[in-house]
Amino acid sequence: MKKIIILLMLISFLPINVFSKTYTLEDTDLKMELKKEWMIFTRDNIKNNKSLKTINVKYSMIKDYLDSNDIYLFGLLNYGEENLIKLIVRKTEIFSIYNLNKYNDEQIGKFGKKVAKEKGADNFTIYGDKYKFIYLNYKKTNQYLMEFHTVVNGNVYSIKFKKPTKFNQKEKEIIFNMINNLTLKINENLEEPKKSWIL
């Protein structure tokens, strides 16, 4: 009994990253830290990924899925059929904005309205201090979604979480913590286009 108590005490003092893994996504400026409970598929880890057997998907299928949909990370967190959370990270090129962080909230709002309209969301929130995101929380085709969109070095980064039931408070806290702790390598030398439509 004493050994168990000592072990629990030691675990409580371990840093969070002991139970997490950092993913530096190939050909992006994004780095994310995810708990080891996630099954993660990226463009550079799928070839010998043991989780492919778990979900019964072939390497060629997941590779085509990632490549053809501009996806750089696909994640699954499964703790029951109704609690399957999917994580999808996309990167797509944009020519009218280079770094969203360089704009004020009014200008970012114009980008937010465009993103919300494209996604079919009724509203949006500007979220974040270090990095500015357009945050969407909405339901579409029987899926509940939490999405975070930003622009870095001329690319739109879209981080989407979705599940068949509503996100509970604990799940929301986990997701916001992931967003708060990610790293984006911004090229501060890039000058914004003079004719950007959000100016």
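Keep in mind that this is a model prediction, so the values were computed, not measured. (Residues numbered from 1 in each chain as written. Predicted model: local features only at pLDDT ≥ 70, side-chain atom pairs only at ≥ 80, totals over all residues. Heavy atoms only, no water.)

Novice: Lay out the pattern of salt bridges with the relevant residues and their values.
Specialist: For the coordinates displayed, the defined rule picks out 4 salt bridges. Between Lys63 and Asp67 there is a salt bridge whose closest N-O contact spans 2.8 Å. Note that Lys63 and Asp67 are positioned in helix α3 (residues 59-68) at a spacing of 4 residues, about one turn of the helix. Judged by relative accessible area, which is 35%, Asp67 ranks as partly exposed. Across the pair Lys114 and Glu118 runs a salt bridge whose closest N-O atoms are separated by 3.6 Å. Within this pair, Lys114 and its partner Glu118 are both found in helix α4 (residues 105-119), separated by 4 residues, close to a single helical turn. Given the relative accessible area of 41%, Lys114 is considered partly exposed. When salt bridges with common partners are traced through the structure, they connect Arg43, Lys63 and Asp67 into a single cluster. (Salt bridge = Lys/Arg side-chain N within 4 Å of Asp/Glu carboxyl O. Helix = DSSP H or I, 4+ residues; strand = E, 2+ residues; numbered from the N terminus. Buried < 20%, exposed > 50% of the residue type's maximum accessible area, 1.4 Å probe, protein only.)

Novice: A description of the sheet that holds strand β5 (residues 85-93) should follow, citing residues and the corresponding values.
Specialist: One open sheet holds the 7 strands; their spatial order is β3-β4-β5-β9-β8-β7-β6, and the pairing between them is antiparallel. Edge positions in the sheet fall to β3 (39-42) and β6 (125-127), since each has one partner strand and no second. Averaged over all neighbouring strand pairs, the angle between strand axes comes to 20 degrees, with direction disregarded. Here 9 bridges tie strand β8 (residues 143-152) to strand β9 (residues 155-163), and the two strands are oriented antiparallel to one another. Paired with Thr150 across the two strands is Tyr157, which belongs to β9. In this fold α4 packs onto β6, β7 (133-140) and β8, with an angle of close to 25 degrees to the strand it touches most, β7. (Pairing = 2+ DSSP bridges. Axes fitted to C-alpha atoms, helices over the stretch in contact; angles between N-to-C directions. Contact = heavy atoms within 4.5 Å.)

This is a description of form; function is not addressed.
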